[in-house]
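Report on the structure
Now for the letters of each chain:
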Amino acid sequence: MKDLVARINAEMENFKTESEALVEKGVKAAGARARKSSLVIEKLVKEFRKVSIEESKK
């Protein structure tokens, strides 16, 4: 669980960096990287939900 949370936090930082580059500097390639990062975050959060539900049943 700790590893999963660490991966989510790392990907959130990556998304933050890329989305700021897009919004503030207009770097279009950063937009693509931010979108990709958002998909990774979505998968990780779904995995977190699944694991946390299993943990709460113990």
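The structure this text deals with has already been given above.
What this report covers is the structure whose coordinates are included nearby. Predicted, not measured: the structure shown is a model, and the values here were computed from it.

The rules we used
Residues numbered from 1 in each chain as written. Predicted model: local features only at pLDDT ≥ 70, side-chain atom pairs only at ≥ 80, totals over all residues. Heavy atoms only, no water. Axes fitted to C-alpha atoms, helices over the stretch in contact; angles between N-to-C directions. Helix = DSSP H or I, 4+ residues; strand = E, 2+ residues; numbered from the N terminus. Parallel < 35°, antiparallel > 145°, perpendicular 65-115°, else oblique. Left-handed = near helix turned anticlockwise from the far one by under 90°. Patch = residues over 30% accessible without salt bridge, like charges linked within 9 Å, V, L, I, M, F, W, Y side chains within 5 Å. Areas by Shrake-Rupley, 256 points an atom, 1.4 Å probe, with all protein chains shown as cover. Salt bridge = Lys/Arg side-chain N within 4 Å of Asp/Glu carboxyl O. Buried < 20%, exposed > 50% of the residue type's maximum accessible area, 1.4 Å probe, protein only. Expected span 1.5 Å × (residues − 1). Contact = heavy atoms within 4.5 Å.

As for the packing of helix 1 (residues 2–25) against helix 2 (residues 28–56)
The axes of two packed helices give the description: the angle between them and the distance between them. Viewed as axis vectors pointing N to C, helix 1 and helix 2 meet at an angle of 155 degrees, and their least axial separation amounts to 8 Å. By the angle between their directions, the pair helix 1 and helix 2 is classed as roughly antiparallel. Where helix 1 crosses over helix 2, the two elements pack in a sense that is left-handed.

A look at a nonpolar patch on the surface
Taken together, the side chains of Met1, Val5 and Phe48 make up a nonpolar region of the molecular surface, amounting to roughly 220 Å² of accessible area. Mapped onto the fold, Met1 is located in the segment before helix 1. Overall, Met1 belongs to the partly exposed group, its relative accessible area being 42%.

As for helix 1
Here helix 1 contains 24 residues, and its C-alpha end-to-end distance of 34 Å stays within 8% of the 34 Å for a straight helix at 1.5 Å per residue. Every buried residue belonging to helix 1 is among Leu4, Ile8, Glu11, Glu18, Ser19 and Ala21, and all of these are buried. Where helix 1 is buried, its residues touch helix 2.

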